[in-house]
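# A closer look at the structure
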Amino acid sequence: MARDLTLGQYYPVESFVHKLDPRIKFIIMTVYIVGVFLVKHIYGFAVVAAFAILSTLISRVPILSVLKSLKGIIFIVIFTAVLNVFFHTEGKVYFTIGKLLITEGGVFFALKMALRLILLVLGTTLLTYTTTPMALTDGLERLMTPLTWIKIPVHDIAIIMSISLRFIPILMEEVQKIMKAQRARGAEFDRGGLVKRAKALLPILIPLFISAFRRADELALALDARCYNATPNRTRYKKLKMHYRDFIAFLAGAAYIVLIVAVNNKFWIPTLTYSFPFI
Amino acid sequence: MSEIINFKNVSYEYRSGENFHRGVIGLNFSIQEGEFIAILGHNGSGKSTLSKLINGFLKATFGEVNVLGINPSDDRRIYELRSQVGMVFQNPDNQMVATMIEDDLAFGPENLGIPREEITERIDWALDIVDMKEYKNKMPNKLSGGQKQRIAIAAILSMRPKILILDESTAMLDPKGRKEVMATIKKLNKEQGLTVILITHYMDEAVEADRVFVLNQGVITVEGTPAEVFKEVRKVRDAGLELPIPSQVCIELISKGYDIPFVLTDEDLVDALIEQKQRKSKQKPGFKFK
């Protein structure tokens, strides 16, 4: 049912990763993404992949459901890979198609880009699998708090995010209702060509927007009635507490980035440079 | 009892295009602390305008409004006023800010800068009053309309207001939800001593109030206890309202020549009919049904 739907795909199990402070998870996620873009070396990718897989195992989210998230980006991955094969011409030429050269450097570059995209999505998926949308907004708000110094309305942004999250299931339900109402008036949504279908959506969108604005109006009053922005010294009911495990996770993140930098500089295995020049 | 709200000759006008419209005209009344007031009127009669004048959503064009010693037109004290005058609206879905019930209840006190320990206390207290304790860390999506509206009331209670305004808060609910919310409102009024202003178009709800105001085109046409107000049949009907069903039955019976008192509720009607029947059988002792 549309009512049960929440944004993201939180996977409710108890695990080390689930219990981590959202702030730490955000920081590690950032470090992870930086790592993904930093690696130049196939062994570096192994480090990133190992980190992602290990985290997934610890989170007790089935690897298969994390892998499912790749379905949505498969086209983008293939597209970037194919483009990159042709754009990079370096080293040994494998074969030529007209003026296009497929080279050793090109193939490796394409592979790297594809791997990067895949690892990127795997990591971020794990974040949404292990963190509730509420915790995400909460963590983000706390992390952005320093920005209030440069007059960025962090709290307003957090409230906007939280309200959007709350209204997604409500508006979904509304869409269902409007669709039923329009069907009862003889509308057809699943027939005809692309243009016809797009046009059929119009009688859904207009009532949806009207009702959304009406809701926004009442919500604004409700916010005012509850003294929104009454004092700049707003208190917080929920407290985020750092635990031991957050420190451990932080160390893991630090170790990860150090390892990647180390592998990038090839300082254990100097001979590698000669065996695979383009990796 | 002390006076908590006072309107002196209050009018509110607004402009749309070239025309001036009158929201309310020359309102004069005062409300005592702890009273339960029902405001009746059909759509566009100005009942919402009246309530918005109390918590400063609207500013009186003429006249003087005084709520808890504060003038709602005074922007410097507007938050002080709104924390004392809680307002619950029609659609419970449009009043919830957070995805979790306890966070939603925390929103008001957080805005007021109440310390965390006290917020926790207030949340437990408010949920207890509306009888929704076990839903503290649940999501509101799966609740019924009545339950959602009780949460909306609790979210206002957590600010510890002295006055509670319910702007057609029962209009969207099913009969069961309405009953739940009415029971909560009465409990708040009787046990917590909250001053309640209930805006409604349900007569059976107005009957429960201490005093009823009937608004018609921005003017209070009848004012008094429910019994006094509903006796003014013509004025009530002129305002586009119907009497409570028991009263309608009663009037029909009186016009048919039956001698029964004017009643407002189902229970009283039943009592009156029984009494009437007993009296009849006493008058004609020889008469028996076959």
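Preceding block: the structure.
Residues numbered from 1 in each chain as written. Chains lettered and ligands numbered in written order. Predicted model: local features only at pLDDT ≥ 70, side-chain atom pairs only at ≥ 80, totals over all residues. Heavy atoms only, no water.

## Section: the packing of helix H2 (residues 22-38) of chain A against helix H7 (residues 133-144) of chain A
Residue and element names in this part refer to chain A. The N-to-C vectors of H2 and H7 enclose an angle of 75 degrees; their axes lie 8 Å apart at closest approach. Classified by the angle between their axes, H2 and H7 sit roughly perpendicular to one another. Counting all contacts with H2, which are made through Pro 22, Arg 23, Phe 26 and Ile 27, the residues of H7 involved are Ala 135, Leu 136, Gly 139, Leu 140, Arg 142 and Leu 143. Of the residues contributing to the contact of H2 with H7, the split by class is 7 nonpolar, 1 polar and 2 charged. (Axes fitted to C-alpha atoms, helices over the stretch in contact; angles between N-to-C directions. Helix = DSSP H or I, 4+ residues; strand = E, 2+ residues; numbered from the N terminus. Parallel < 35°, antiparallel > 145°, perpendicular 65-115°, else oblique. Contact = heavy atoms within 4.5 Å. Nonpolar A, V, L, I, M, F, W, Y, C, P; charged D, E, K, R; others polar.)

## Comments concerning a nonpolar patch on the surface
Residues and elements named next belong to chain A. A cluster of nonpolar side chains, namely Phe 16, Ile 53, Leu 54, Leu 57, Ile 58, Ile 63, Leu 64, Leu 67 and Ile 248, defines an oily patch on the protein surface of about 830 Å² accessible area. Among the elements of the structure, helix H3 (42-59) and helix H4 (63-68) are those that each provide at least two residues to the nonpolar patch. Tracing the backbone through its elements, the reader meets Phe 16 in helix H1 (residues 16-19). (Patch = residues over 30% accessible without salt bridge, like charges linked within 9 Å, V, L, I, M, F, W, Y side chains within 5 Å. Areas by Shrake-Rupley, 256 points an atom, 1.4 Å probe, with all protein chains shown as cover. Salt bridge = Lys/Arg side-chain N within 4 Å of Asp/Glu carboxyl O.)

## Thoughts on the sheet that holds strand S1 (residues 3-16) of chain B
Residue and element names in this part refer to chain B. Ordered in space as S2-S1-S4, the 3 strands form an open sheet in which the pairing is antiparallel. Whereas interior strands pair on both sides, the edge strands pair on one side only; in this sheet they are strand S2 (19-32) and strand S4 (62-67). Between one strand and the next, the sheet's axes are offset by a mean angle of 25 degrees, whatever the strand orientation. One ladder, built from 5 bridges, connects S1 with S4; its direction is antiparallel. Within the sheet, the bridge partner assigned to Ser 11 lies in S4 and is Phe 62. Strands in contact with helix H1 (residues 47-54) are S1, S2 and S4; relative to S1, the strand with the most contacts, it is inclined by about 120 degrees. (Pairing = 2+ DSSP bridges.)

## Focus on the pairing of strand S8 (residues 211-216) of chain B
Residues and elements named next belong to chain B. Among the 6 residues that make up S8, 6 are buried, leaving the element largely enclosed by the rest of the structure. Examined bridge by bridge, strand S3 (residues 36-40) and S8 share 4 bridges and lie parallel to one another. In the strand pairing of S8, Ala 38 is matched with Val 212. Hairpin connection from S8 to strand S9 (residues 219-224): 2 residues lie between these consecutive antiparallel strands, with Gln 217 at a positive phi of about 50 degrees. (Buried < 20%, exposed > 50% of the residue type's maximum accessible area, 1.4 Å probe, protein only.)

## Section: the nonpolar core
Ranked by size, the top nonpolar core spans 51 residues in total, and within it B:Leu105, B:Ile153 and B:Phe230 carry the most contacts. Here this core takes 7 residues from helix H5 (residues 145-157) of chain B, the largest share from any one element. Once residues within four sequence positions are removed from consideration, B:Phe230 is found in contact with B:Leu40, B:Met203, B:Ala206, B:Val207, B:Val236, B:Leu243, B:Pro244, B:Phe262 and B:Leu264. Within the second largest apolar cluster, 33 residues are counted, among which are A:Ala225, B:Ile37, B:Ile163 and B:Phe213. (Core = buried A, V, L, I, M, F, W, Y, C linked by side-chain atoms within 4.5 Å.)

## Focus: the interface of chain B and chain A
When the parts of a complex come together, some accessible area is lost, and that lost area is often used as the size of the interface. With 43 residues of chain B in contact, the opposing surface of chain A contributes 33 residues. Of the roughly 3500 Å² buried between chain B and chain A, counting both surfaces, carbon and sulfur atoms make up 53%. Of all residues in chain B, B:Asn94, B:Asn111 and B:Arg116 give up the largest surface area on contact with chain A, accounting jointly for 20% of the area buried on that side. Linking chain B with chain A are 4 salt bridges, by the criterion used here. Ionic pairing is found between B:Asp103 and A:Lys238, a salt bridge with its closest N-O pair at 3.3 Å. For the interface between chain B and chain A, the tally reads 18 residue pairs in polar contact (both at pLDDT 80 or more). Elements with a contribution of two residues or more to the side of chain B that touches chain A: helix H2 (78-84), helix H3 (101-112), helix H4 (116-129) and H5 of chain B. Per-element accounting of the side of chain B that touches chain A gives the leading share, 11 residues, to H3(B). A breakdown of the residues in the side of chain B that touches chain A according to their chemical character gives 21 nonpolar, 11 polar and 11 charged. (Buried area = accessible area lost by both parts, 1.4 Å probe. Polar contact = N/O pair within 3.5 Å; in protein donor to acceptor, adjacent residues only side chain to side chain.)

## A closer look at H7(A)
Turn by turn, an α-helix covers 3.6 residues, leaving residues three or four places apart pointing in a common direction. The end-to-end C-alpha distance of H7(A), which contains 12 residues, comes to 16 Å, matching closely the 16 Å that a straight helix rising 1.5 Å per residue would cover. Residues A:Met134, A:Leu136, A:Thr137, A:Asp138, A:Gly139, A:Glu141 and A:Arg142 constitute the buried set of H7(A). For H7(A), the secondary structure elements touched by its buried residues are H2, helix H6 (104-130) and helix H8 (154-184) of chain A together with H3 of chain B. (Expected span 1.5 Å × (residues − 1).)

## Quick word on the packing of H2(A) against helix H10 (residues 244-264) of chain A
Residues and elements named next belong to chain A. Two elements in contact, H2 and H10, have axes whose closest approach is 10 Å; the angle formed by their N-to-C orientations is 10 degrees. It follows that H2 is roughly parallel to H10 by the angle criterion. Here H2 contributes Ile 24, Ile 27, Ile 28, Val 31, Tyr 32, Val 34, Gly 35, Val 36 and Leu 38 to the contact with H10, which in turn contributes Asp 246, Ala 249, Phe 250, Gly 253, Tyr 256, Ile 257, Ile 260, Val 261 and Asn 264.

## A few points about the sheet that holds S8(B)
Residue and element names in this part refer to chain B. Pairing within the open sheet is mixed, and its 6 strands lie in the order S5-S6-S7-S3-S8-S9. With one partner strand each, in any of the chains shown, strand S5 (85-88) and S9 form the two edges of the open sheet. Each strand of the sheet is rotated relative to its neighbour by a mean of 20 degrees, with strand direction disregarded. Here H5 sits on the sheet and contacts S5 and strand S6 (163-167); the angle it forms with S5, its principal contact strand, is near 160 degrees.

## As for unusual backbone geometry
The backbone of A:Cys227 sits at a positive phi, close to 60 degrees, despite the residue not being glycine. Position of A:Cys227 among the secondary structure elements: in the loop between helix H9 (194-225) and H10. Accessibility expressed as a relative area gives 0% for A:Cys227, which makes it buried. Notably, B:Asn9 is not glycine yet its phi reads approximately 50 degrees, a positive angle. Within the fold, B:Asn9 resides in strand S1.

## Quick word on the packing of aromatic side chains
With the rule as written, the count across this model stands at 11 aromatic pairs over all chains. Taking 4.4 Å as the distance between ring centres and 35 degrees as the angle between the ring planes, the aromatic pair formed by A:Phe51 and A:Tyr256 counts as tilted. Here A:Tyr256 lies in helix H10 and A:Phe51 lies in helix H3, a separation of 205 residues in the sequence. Of the two residues, A:Phe51 and A:Tyr256, neither departs from the other in class, the shared state being buried. Between A:Tyr228 and B:Phe107, the aromatic rings sit 5.7 Å apart at their centres with planes inclined by 20 degrees, giving stacked as the arrangement. Here the residue A:Tyr228 occupies a position in the loop between H9 and H10, and B:Phe107 occupies one in helix H3, the pair thus bridging two chains. B:Phe107 matches A:Tyr228 in its accessibility class, with the two residues each being buried. Positioned above the aromatic ring of B:Trp125 is the side chain of B:Arg160, whose terminal nitrogen or guanidinium carbon lies 4.3 Å from the ring centre. Taking the ring centre of B:Tyr202 as reference, the NZ or CZ of B:Arg178 above it sits at 3.6 Å. (Phe/Tyr/Trp six-rings, centres within 6.5 Å; stacked < 30°, edge-to-face > 60°. Lys NZ or Arg CZ within 6 Å of the ring centre and 35° of its normal.)

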